[in-house]
Amino acid sequence: MDYSRICEVYTALEGTSKGLEKTDILARFLGEIRSNPEFIYLLRGKLFADYDNRELGVSHQLIIKAISRAAGISEAKVVDEFKELGDLGSVAEKVLGGKKKQKGLFEERLSVEKVLENLRKLPELEGKGTVDLKIGYVVDLLHSASAAEAKYVVRTVLGDLKVGVGTGILRDAIVMYCFEPKDLEDKKVCVKAVQEAYDKATDMREVFERACSNELEKIKLLPGKPLKVMLFPKAKDVEDAFRIVGRPAAFEYKYDGFRVMVNKAESGEVKIFTRALENVTKQFPEIVEYVESHVRGENFILDCEAVGFDAKTGEYTDFQAISQRIRRKYGISEMRQELPVELVVFDVVYLDGNSLIETAFKERRKTVERIVREEDKKIVLAKQIVTSDSDEVERFYDEALDDNQEGLMGKRLDAPYKPGARIGHAVKLKPEDADFDLVITGAEWGTGKRAGWLTSFDIACRESEVEGKLLSIGKVSTGLKELQDEGLSFGEMTDILEKLVLKVEGRHVNVKPEVIISVQFQNVQRSPTNLSGFALRFPRILRLRPDRGVGDIATVGEVEKEAGS
Ligand code: AMP
């Protein structure tokens, strides 16, 4: 297929901000790629399935070089254009467009296959001397690209297509194309089925193929491949928890660590994924060891919390203490000594060739008890009571807080496991803390003694649980420290965000929405100036959440609830 065809679709998508129109454009196009289902990745500017963590590793700097080389102009000129247009895709379109006119139109046409082939080579290239090779693959594409094609090649490489298509819209397009629902009710059923299939597969190609052949139910869990985790709404108090999950119910410590799905694949290899589907196996060698030596089973998927503890006193620490381990690529063994983690297992969703997602929670818990050999400070089961007695739960709640944990989880005994869903099979119960996880979408350079740092951050929540659209909720500029050793600093945040800059406008930058932060606030107010319709009063950055992705941030519904409470 000509790449120009997919670029026409991108242009049409860019031309409308309406979700329904986008769905329509995509649904029609899906028919054209039915025999090439993997092209579906490109519609969200991706090259691989969502569970696949391969990264292209191409910076803005590298793209500037590639554009300069392809267009035969200086890098300084490309940078000037970038300052003016604020998007390297548009820069490529402009400078290569001019070039093409002079050269005539004799180049070979660019195909989608060729774009995929070249860009998929990029993650394989690592280490010294590979920069030139990477530039080479991109330049090769730019040489045979038209102006519009160059724009989208560059945006795809940078991981930001700017056509406003998230998982939700693509899912709806699959529903529309494959099932042609008769009415709203029918549509709802299909959307649910496709979403559930996606949460299991985390691969749009597989979902698309199965939906086309009406075999969504054939999508199976596979240990070794990340899966969307089940999510939990909040309960107001113990009675509210019982009301949601039924009586009697299981109550467990809510540990203050970070969620990990520990997989033992059919090959026997242990792999660890965060709830944002990131593979963190290398960062946590001790978890691999404990699982290999303490869990019985040929293959499995365990849902767990990794909790930090003080190596000297043995006391549990908070999430902040171990959060740096998640992104750490070097010095792993020292980190392991300094900031050890204990694996707390609270669920199992797959064991020895069988999916357990339809099995009742109480049975799954029994299975966990059967296969995990506990050893303190290595691998343990979540502390649990099963009761109908509210007083007993209150006492357990106090005990959890005394033990430095966040509160309790209340769990329905006969509930199945629902990947990716927040439907109240379990609830969280913690003291009112009024903070939200939000994503940074932009920032502003400071002045005076804070010059050289990004000091004010634009934050956004999500439109809904399934829709990827981000809605602004204001700015936050307090909570960070000026000195490195006092906690999360402006310098550190600047280093992280600088790599994600998409657009520069004076002192303001737009960044790729990847950095998740917990933001504390006093209360929520209505605000017509923010897209979400809300603003946080006295917002303050509490911490980075490197274990989370955009799919984990607060939804506008949750914000609204807070405004009403
Ligand atoms: P929150 O992060 O506030 O949405 O709370 C949900 C998170 O609590 C889950 O994603 C887990 O990471 C964590 N958690 C801690 N202990 C448990 C437990 N016993 N069962 C389930 N989740 C737990």
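This text goes with the structure placed above it.
Presented here is a report on the structure given in the accompanying data block. (Residues numbered from 1 in each chain as written. Predicted model: local features only at pLDDT ≥ 70, side-chain atom pairs only at ≥ 80, totals over all residues. Heavy atoms only, no water.)

**Observations concerning the overall build of the chain**
Move 1: Scanning the chain for helices and strands turns up 19 helices and 19 strands.
Move 2: For the C-alpha atoms alone, the extent of the chain along its principal axes is close to 80 × 60 × 50 Å.
Move 3: Out of the 565 residues belonging to the chain, those deemed buried represent 54%.
Move 4: A separation of at least 24 residues holds for 70% of the contacts in the chain among residues at least 6 apart in sequence.
Move 5: For the chain, the accessible surface area stands at approximately 25,300 Å², while carbon and sulfur atoms represent 48% of it.
Move 6: Positive and negative side-chain charges of the chain, numbering 88 and 98 respectively, have mean locations separated by a distance of 3 Å. (Helix = DSSP H or I, 4+ residues; strand = E, 2+ residues; numbered from the N terminus. Buried < 20%, exposed > 50% of the residue type's maximum accessible area, 1.4 Å probe, protein only. Contact = heavy atoms within 4.5 Å. Areas by Shrake-Rupley, 256 points an atom, 1.4 Å probe, with all protein chains shown as cover. Lys, Arg positive; Asp, Glu negative; His and termini not counted. Charge placed at Lys NZ, Arg CZ, Asp CG, Glu CD.)

**Some details on the packing of helix α9 (residues 167-179) against helix α11 (residues 204-212)**
Move 1: As a packed pair, α9 and α11 sit with axes 9 Å apart at the nearest point and diverge in direction by 20°. Classed by the angle they form, the pair α9 and α11 counts as roughly parallel. Regarding α9 and α11, the two cross each other, and that crossing is right-handed. Packed against α9, whose contacting residues are Thr-167, Leu-170, Arg-171, Ile-174, Tyr-177, Cys-178 and Phe-179, the element α11 presents Met-204, Val-207, Phe-208, Ala-211 and Cys-212 at the interface. (Axes fitted to C-alpha atoms, helices over the stretch in contact; angles between N-to-C directions. Parallel < 35°, antiparallel > 145°, perpendicular 65-115°, else oblique. Left-handed = near helix turned anticlockwise from the far one by under 90°.)

**With respect to helix α10 (residues 184-201)**
Move 1: Given a rise of 1.5 Å per residue, 18 residues ought to cover 26 Å, and the 25 Å separating the end C-alpha atoms of α10 matches this to within 8%.
Move 2: Residues of α10 that are buried in the fold lie against α9 and α11.
Move 3: Immediately downstream of α10, the backbone of Thr-202 shows phi near 40°, a positive value. (Expected span 1.5 Å × (residues − 1).)

**What about the side chain of His-425?**
Move 1: Inspection of the secondary structure assignment puts His-425 in the loop between β9 (407-411) and β10 (426-429).
Move 2: The buried category is assigned to His-425, whose relative accessible area is 16%.
Move 3: If sequence neighbours within four positions are ignored, His-425 has contacts with Met-230, Val-245, Gly-410, Lys-411, Arg-412, Ala-415, Pro-416 and Lys-418.

**What to know about the sheet that holds strand β8 (residues 384-387)**
Move 1: Strand order across the open sheet formed by 4 strands is β8-β1-β9-β10, with antiparallel pairing between neighbours. Two strands close off the open sheet at either side, each with one partner strand: β8 and β10. In this sheet, neighbouring strand axes are inclined to one another by 25° on average, regardless of whether the strands run parallel or antiparallel.
Move 2: Helix-sheet contacts for helix α16 (residues 361-371) involve β1 (249-254), β8 and β9, and the interaxial angle to β1 is about 50°.
Move 3: Strands β1, β8, β9 and β10 of the sheet are contacted by helix α17 (residues 390-402), whose axis makes an angle of about 135° with β9. (Pairing = 2+ DSSP bridges.)

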